[in-house]
Each structure stands twice: as C-alpha cells, then as structure tokens.
Amino acid sequence: MKGVKLELDLLGDRRRTHFCGELRESHRGETVFLAGWLARRRDLGSLIFLDLRDHTGTAQIVCNLETGPEAHEKAERARPEYVLGVEGEVVLRDPATVNPEIATGKIEVKAHKLFLLNESKTPPFPLDDEARTTEETRLHFRYLDLRRSRMQQNLRLRHQASLVVREHMSGRGFVEIETPFLTRSTPEGARDYLVPSRVHHGHFYALPQSPQLFKQILMIGGFDRYFQIVRCFRDEDLRADRQPEFTQIDVEMAFPQRAELFSIIEELMEKLFALIGVKVPRPFPVLTYEEALERYGSDKPHTGLRLEWKRVALAAGAAEKIRVASPLKALRVPNGASISRSQIDKLQEMAQAGGVEWSSAIKVSDAGPQSPLVKALGEEAVREIAAAVEADVGDMVLLLGLKPGDASHGRLRRLDEVSGEIRLELGRKLELIKPGGWCFLWVVDFPMFEYDEKEKRFAAMHHPFTSPREEDLPGLDSNPTTVKARAYDLVLNGSEIGGGSIRTHRRDIQQKVFEVLGMTPEKARERFGFFLDALDYGTPPHGGIALGYDRIVALMAGESNIREVIAFPKTASAVDVMCDAPSTIEPEQLQELGLEVKND
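The structure contained in this document is the topic of the report that follows. Remember, it's a predicted structure, so these values are computed and weren't measured experimentally.

### Some details on a nonpolar patch on the surface
Moving on, step 1. A contiguous nonpolar patch, built from F181, L182 and Y205 and spanning about 270 Å² of accessible area, is present on the exposed surface.
Moving on, step 2. Here Y205 shows up in strand β8 (residues 204–207).

### Here's the deal with the sheet that holds strand β3 (residues 57–64)
Moving on, step 1. Here five strands make up a closed barrel; going around it, the order is β1-β2-β3-β5-β4 and the pairing mixed. The mean angle between the axes of side-by-side strands here comes to 55°, regardless of whether they run parallel or antiparallel.
Moving on, step 2. Alignment of strand β4 (residues 83–92) against strand β5 (residues 107–118), held across ten bridges, turns out to be antiparallel. From the neighbouring strand, L84 faces β5, where its bridge partner is L116.
Moving on, step 3. With respect to the sheet, helix α1 (residues 69–77) is in contact with β1 (31–43), β2 (47–54), β3 and β5, its orientation differing from that of β5 by roughly 65°.

### Quick notes on the layout of surface pockets
Moving on, step 1. Estimated volume of the second largest pocket: approximately 870 Å³.
Moving on, step 2. If you list the elements that add at least two residues to the lining of the second largest pocket, you get β1, β2, β3 and α4 (149–171).
Moving on, step 3. Along the lines of polarity and charge, the residues of the lining of the second largest pocket split into nine nonpolar, twelve polar and 17 charged.

### So, α4
Moving on, step 1. Helix length check: α4 (23 residues) gives 33 Å between terminal C-alpha atoms against 33 Å at 1.5 Å per residue, within 8%.
Moving on, step 2. By the burial criterion, the buried members of α4 are M151, N154, L157, R158, A161, S162, V164, V165, H168 and M169.
Moving on, step 3. Looking at the packing, one finds that the buried side of α4 touches α2 (135–140), α3 (142–145), β9 (225–233), β10 (245–254), α6 (258–274) and α16 (549–557).

### Describing the side chain of E252
Moving on, step 1. Note on placement: E252 falls in strand β10.
Moving on, step 2. A polar atom in the side chain of E252 sits 2.8 Å from the side chain of R503.

Scoring rules and cut-offs
- Residues numbered from 1 in each chain as written.
- Predicted model: local features only at pLDDT ≥ 70, side-chain atom pairs only at ≥ 80, totals over all residues.
- Heavy atoms only, no water.
- Patch = residues over 30% accessible without salt bridge, like charges linked within 9 Å, V, L, I, M, F, W, Y side chains within 5 Å.
- Areas by Shrake-Rupley, 256 points an atom, 1.4 Å probe, with all protein chains shown as cover.
- Salt bridge = Lys/Arg side-chain N within 4 Å of Asp/Glu carboxyl O.
- Helix = DSSP H or I, 4+ residues; strand = E, 2+ residues; numbered from the N terminus.
- Pairing = 2+ DSSP bridges.
- Axes fitted to C-alpha atoms, helices over the stretch in contact; angles between N-to-C directions.
- Contact = heavy atoms within 4.5 Å.
- 1 Å grid on protein atoms, 1.4 Å probe; cavity = no way out; pocket = protein on both sides within 12 Å on 5 of 7 lines; lining within 4 Å.
- Points joined across faces, edges and corners; volume = space filled by probe spheres on them.
- Nonpolar A, V, L, I, M, F, W, Y, C, P; charged D, E, K, R; others polar.
- Expected span 1.5 Å × (residues − 1).
- Buried < 20%, exposed > 50% of the residue type's maximum accessible area, 1.4 Å probe, protein only.
- Polar contact = N/O pair within 3.5 Å; in protein donor to acceptor, adjacent residues only side chain to side chain.

Right, dumping it as structure tokens:
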C-alpha cells in the first residue's frame, strides 16, 4: 500500500446520523455520528474543543483526555479544514458557555471516537464570511470559497428558485424543452462564441446568445407554451452583472395577450421572492419608454427613489435671455435647500461632463427663490419655475437644458440619460433609497429602431424578431423612427431583469423589418432562411420573455455582483482562473480542425 497515509482513518460503513447544524436540546443523550470540516480548534490542555462544519452549520465537539484519550490524541493532530468524523453523545452545554449566536449553541457533542478522514493544507484565506481577500484569489481557490456559508446559502437559494420556476411554469401549462447549444451563427448584437467543426473544415457552429429562433419555431410546431432554464453565451465586454456564459429563464407562448404574460411572470416573481420572506405587491406598475426617460432619465429606473424630473416650458422670451432651449428638465429635491454650493457645482460639472452644458439651481426659501436666474428672469418667473414642480420652502430645484438649436433627437436622448445619472447620484448622496424595498416595473412601447451614426443604418433596439405595433406598420415604409415595438422590459430596483416582446409572425412584415435594418434579401436568406421558410407554414401569433436568472438570484441574495451566485464564474476578463481557461491547444487538435493560429 505504498503512498497511502495509514495514519488516516477510513470511513468504512459508518453513516452520518445527523448534520452538524441540526442538533438541538431535544437530541440530548443521543449517540450521533457527524462528519464535516474542522472550522476551528481550541486546545485547553486536557480539553480540546473542535467546531465541526458542514453545509447546515457548526457543532461544538469536546475531546476529553480523561474519558476519551484516543479521540483527544487525534484532536491534537487535527488542523483547520481537516475532514473529520465524530461519534459521541449530545450533551447540554454549561449555561455559562451557551452561544446564542448559532442554532446549536446550547449543545455540544462529547466525543467517544474521532476519525481523521483527510488532511488539508492551510487555506490561503480564512473561510469565515468576514474574510477579506481578493476576488481573483477566491476564484482561483473556488473549491474552498464554496465552503463559506455565504456561498452555500447563495447557491442553495439558486437551487430553490429553480424548483419554484419549474413548478410555477409547469402549473401554467408550459412545457420545458431543451434547445441546441451547437447552432449557426446569426451575427446580430453581441459577438458569438464560435466552435469549429472537425468534420466540416472551414465551417463553424455558434453557441447560442439566446434560444430566440428555436423557441419561436416551437410555437410554429404547436407546443403552445414553452419554457427553459437555459445557458446562453455572449462574447462581450464584462461588467459586474455580465458573464460570457449566463443563465436565463426563457418563456414563449402562442396566441398571447401582453396582460396575460405579465400576470404569469408577476406570479412567478411573487413566488420567488417569497423564498426570502418578501411580499411582492401586484400588479406591477407600467410605464412607457418615453415616460420613463422623461420622469426618471432611464429606461430601467429605480422607482423607489422618489425623485422625478418634469419638463418645464419657459415663458415667452425667457429662453432667449438665458440662452437655453425650452422646455427645461426640472427636478424637485425635497429639503434640498441645505445642499451646499460646492455639491451643486459637482452636479453641474457632472452634467457638463455628460454633454449637457446648461444647468442651474433654485433654492426655495421664505425670503423668495435663491438662484442666479433671478437676475436674468426676475423673481416671479423663477417662482413660477419652482411652482411648476411643486417645490416648497426648503426644497431645491435642479434644472438642465440644451443650448438653442441643439435639440436634436440624439441630444435630447443624452439630456435624459444625464438627468438619470444625476438623479441616482442625488439619491446616493442624500440616502433617499430606503434599503429593503422591492420596486418592480414594466417598461413598454420601446422604439423599434435606433439609428447607428457610426454604421449609418438602423439597428433593432431589442432584436429584429420583435413585432412593430400594429398601428405603426405604415411607418416601416415612411419613417422607421416613428415605429414603436411591442417590446417590454421587467425592471427591479433599477436593474433590467427581463426583456421580451410579441414577435413578428408574418413573413411579409419580418422581411420588411430586415429591409429597414439594411439587410438585403440575399443576406436575410443566408442568415435566417430556415426561419423565414418556417413562417410560411401557419405561424401563430406568439410572444415571450427572457428573465436574467443570475441577476434575479443575486438581487434576492443581496449581492451586487452575479459572480456571487454562480458556482464557477469567470473573472471580469473572461478567464477561469481555477481551470486556467481559455488555454492553448495541441497542434494535433488544430490540425484535426483544419485551423492555424496566427500570432499578431
């Protein structure tokens, strides 16, 4: 048995009778067998205390030299993260040593036998949840990081959420169907991950960014209601809420009414958030895209922040006096009169850095409005601006505007975006968002197209398979910028957690959309010919949504980064530091694939 560490014990046919975190006063007097990792060891000479940890919690083990010399001797050799088995009797702790911080704090296990099942190197970082180490180190040693209670709780919450999704969707008549991972590249939006074919040299599969076309084909195939908890892939720059491979709850249904789909998803959110003790009020509010931008400066606003912009028209001649285009965007900041001049300056610098060159402020006091605008417009005109946003004494009104002749569509969009950034900054500075709130919102009626100045062509704001509103169909020929999409996003606390639409089910409309996007019939045929052909065979009206599963679970777990709810995530540079991927491959593998690597 060369190489086997005979000083270690074998588990044999022993089985755990309980998990560590399950033991309570009611187990007093029982003989139990526990197994887990040594979290902490305290040596008091004749007594050695061991904190044994498994996924349920910790139990204190007492090894007494007098009553269990063999167990005591092994406890002397045990070190943090050794794998141990313990056979012993559950006893009550002395009242003076009760630990009210843990569920097992009133009991301990008096060890009869201790089993050293495996050794461990000293971990590179402590495994308690207060440990401070770099994320890269945590990901490099992910197998250790996963032992921490925080990661255990997050991933078990994720598991519970998946059970809720499957039960809810199945109960509403949806069928779970798997769609292919190896498919064809349809380059729209983010870049595809490509997989070379060994059998067909020079040809490539693509990993799906979404099962979009397959789920629509399932509707053509008569399945009526489909869902899937599915892995998707996008080769794009990463952020805290993005990963190259991610999971979404994918949903599609035939003959849909938007209200019915919203109700199904709202019920799902209600059940998911019940897992963390949150009662979700229904129905969710609905805002149009234009309303969201006007009031909040964002198409994914956090409505728990009670600050809303309004457009305020200036009186005749006033705009020329202060050299600004009318209307202005005005924001009432309750009790904002206490904001210092330097803080206002920083907000105005923020606006200017964002491309909005005109800004001003009004402080409302008993003595009248305090603002540099008083000199140019007069006190009464400034009072009227403040009154337009219902500002009271003690409030501040922040104003943003564009210079005359600068009110193009793109500049107006930028004004809205900057106003949204300033709103969030004020919310953070003044702590106006109360923790623990859950603000769901549907945003609807997005523009169908955005004009790409760089490419000099229209692009789909959502994706090219979204249906235009029926009343806007003439605009596909006359003016695509006027066309609204039957698209909708689900927003939670300022994060987009889902997006969907009613789809285009008619071939003539789909081809017209491709035409607006600058796609020739030949190019559309090359990329989507199989799907266009499918539309010819009795395609029903259909629509659906994709929900960001990682993002939803992260919000439920109170995490700001989705890597904290994914077992094996990539870093921000798309690297798996534990497996050292991506990696080079052998020349023979390249030869089999008919590939050659060129180094720049």
